[in-house]
Amino acid sequence: MKFYFPDSQDQVDPTFDFITEERSIYRVRQRDDHYAHEALRSPPFDGLLVSKAIVDGLPGATGKYTVAQRQRFYRTGVRSFFRLDGADGPRIDTLGDCGAFTYVRDEVPPYTVDEVIDFYDGAGFDLGISVDHVVFGYDLAADHDPIHPQRPEWQRRQELTLELAAEFRARARARKVRFEPLGVAHGWSPASYASAVQALQRIGYTRIALGGMVPLKTREILACLQAVTAVRRSQAQLHLLGISRYENVDVFAAAGVTSFDSTSAFRQSFKDDTDNFYALDATYTALRVPQVDGNPKLKARIRAGQVPQAEALRLEGHCLQALRGYDRGVVKIDTVLNALTDYDRLCDGARKDRTEPYRKTLEDRPWRSCQCGLCETAGIEIALFRGSERNKRRGFHNLHVFRQRLHREMKGAA
Ligand SMILES: [Zn+2]
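Report follows, based on the coordinates. (Residues numbered from 1 in each chain as written. Predicted model: local features only at pLDDT ≥ 70, side-chain atom pairs only at ≥ 80, totals over all residues. Heavy atoms only, no water.)

What follows is about the packing of helix α8 (residues 190-203) against helix α9 (residues 218-231). At a minimum axis separation of 8 Å, α8 and α9 run at an interaxial angle of 35°. As for the relative orientation of α8 and α9, their crossing is right-handed in sense. In contact with Pro190, Ala191, Tyr193, Ala194, Val197, Gln198 and Gln201 of α8, α9 contributes Ala223, Cys224, Ala227, Val228 and Val231. Considering only residue class, the contact of α8 with α9 consists of 10 nonpolar, two polar and no charged. (Axes fitted to C-alpha atoms, helices over the stretch in contact; angles between N-to-C directions. Helix = DSSP H or I, 4+ residues; strand = E, 2+ residues; numbered from the N terminus. Left-handed = near helix turned anticlockwise from the far one by under 90°. Contact = heavy atoms within 4.5 Å. Nonpolar A, V, L, I, M, F, W, Y, C, P; charged D, E, K, R; others polar.)

Here you go:
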């Protein structure tokens with residue numbers, strides 16, 4: 001089971017100083033900043049998923065490339081751009097897709113088949129997913145109800161995706177591309193996913209990605225896989241797009257899933273309300289110490305006169321001192337918790353009492369027992385919900401732990 005990480009240009013600056021919060025004046029972002037596979041002791045994924053929509057900067061794409069980055073990507077190719085061959089361990093695969101969620105509201109995909117083939121082949125990808133259009137919805141009733149309101153649009157998108165898949169495979173063969181093409185199946189129910197998979201197999205695909213499943217519940221995904229299993233040829237391999245439920249890895253594997261991709265371990269570090277810091281057997285809440293100078297929400301409140309700036313700076317500094325003192329063993333846990341609560345009350349009106357989850361994070365000190373390659377040098381700083389350098393390091397750490405959880409699950413299943 002291979003895990004792919006969808007890139008959105010997330011990097012950390014190894015010269016960043018946690019105490020002064022300054023960077024080296026000699027730092028050149030594209031040369032010196034580290035991707036997850038460079039920052040951690042070992043790459044946390046088997047492959048990188050890169051979307052054409054993100055590289056091209058389609059409106060709505062997150063983690064867009066600058067003009068200079070885009071030019072360098074097209075000039076040097078995907079392996080060199082991400083310095084993949086410099087990473088330790090097994091070769092990191094590269095998988096390209098179109099980023100269909102970016103243009104989900106459009107009538108048709110914004111790319112032609114040949115443009116997408118140019119992107120995959122030109123950049124030297126190992127695998128490329130056919131041009132697709134997401135079916136945005138899930139309702140079994142649409143299988144049988146001829147007047148179901150969404151059915152015509154869902155069918156149109158599914159058929160369009162299949163036509164594009166047929167054209168994609170034919171053009172890829174005619175052009176003798178170096179990447180392996182994957183067809184992509186979209187549907188609105190187990191039966192419709194199964195029929196898309198059947199159609200892709202008839203076209204000749206032996207590798208098939210299942211798309212549009214991100215909003216589905218686990219039992220719905222499992223129902224789709226069960227339906228697909230009934231029609232899947234034994235040599236066909238499945239990829240799950242945007243699915244991170246490692247708990248079901250044995251069921252996935254039994255259904256022919258050999259790879260999946262997800263950003264959630266990374267993004268939870270700074271997007272989730274409580275589950276920010278992974279450990280093998282628990283997930284912790286990161287300790288919120290927003291930057292008075294760097295947090296747009298807090299700055300707006302200061303400008304509006306709702307928060308006195310001097311007081312904010314004093315409480316912020318007090319939190320940082322207390323946290324670092326605690327990690328050195330010279331400050332008591334309750335002093336830290338009081339400092340965090342005081343600052344939170346000023347910033348946020350203490351709308352949420354985080355004392356107990358914070359106490360658990362502080363007591364267990366998950367950064368102490370981690371050997372991801374970042375925790376050892378960052379110490380307690382990696383547990384602070386504060387600025388992108390800490391938040392992204394914690395996101396990378398989460399990827400490392402996610403991989404360990406996945407491996408453990410696979411071993412258990414085996
Ligand atoms: Zn770590």
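The eight strands are arranged β1-β2-β3-β4-β5-β6-β7-β8 in a closed barrel whose pairing can be described as parallel. Averaged over neighbouring strand pairs, the angle between their axes works out to 25° when direction is ignored. (Pairing = 2+ DSSP bridges.)

Of the protein atoms, only Cys370 (SG), Cys372 (SG), Cys375 (SG) and His397 (ND1) coordinate the zinc ion, at distances of 2.1 to 2.3 Å. One can describe the site at the zinc ion as tetrahedral: its four donor atoms subtend angles covering 98 to 122° at the metal. Along the chain, the residues donating to the zinc ion fall in the pattern C-x1-C-x2-C-x21-H. Neither Cys370 nor Cys372 differs from the other in exposure class; each is buried. (Donors = N, O, S within 2.8 Å, 3.2 Å for Na, K, Ca; no water. Tetrahedral: all angles 85-135°; square planar, octahedral: opposite > 155°, others 65-115°. Buried < 20%, exposed > 50% of the residue type's maximum accessible area, 1.4 Å probe, protein only.)

Once that is clear, we can look at the pairing of strand β5 (residues 180-185). Sheet topology note: the strand β4 (residues 127-129)/β5 ladder contains three bridges and is parallel. By the bridge assignment for β5, Gly128 is matched with Pro181. Regarding the hand of the β-α-β motif, the stretch spanning β4, helix α7 (residues 151-174) and β5 is right-handed. Pairing of β5 with strand β6 (residues 207-210) involves three bridges; the strand directions are parallel. By the bridge assignment for β6, Val184 is matched with Ala209. In this fold, β5 hands off to α8, which returns the chain to β6; that crossover is right-handed. (Right-handed = clockwise from strand over helix to strand, strands pointing away.)

With that settled, the discussion passes to the packing of aromatic side chains. Enumeration over the complete set of coordinates arrives at 26 aromatic pairs. Taken together, a centroid distance of 5.6 Å and an interplanar angle of 80° make the contact between Phe16 and Phe18 edge-to-face. By the burial criterion, Phe16 is buried, and Phe18 matches it. Taken together, a centroid distance of 6.4 Å and an interplanar angle of 45° make the contact between Phe73 and Phe125 tilted. One end of the pair, Phe73, is in helix α4 (residues 67-76); the other, Phe125, is in the loop between α6 (113-123) and β4, with 52 residues separating them in the sequence. Exposure remark for Phe73: the relative accessible area of 0% places this residue in the buried category. For Phe125, a relative accessible area of 3% gives the class buried. (Phe/Tyr/Trp six-rings, centres within 6.5 Å; stacked < 30°, edge-to-face > 60°.)

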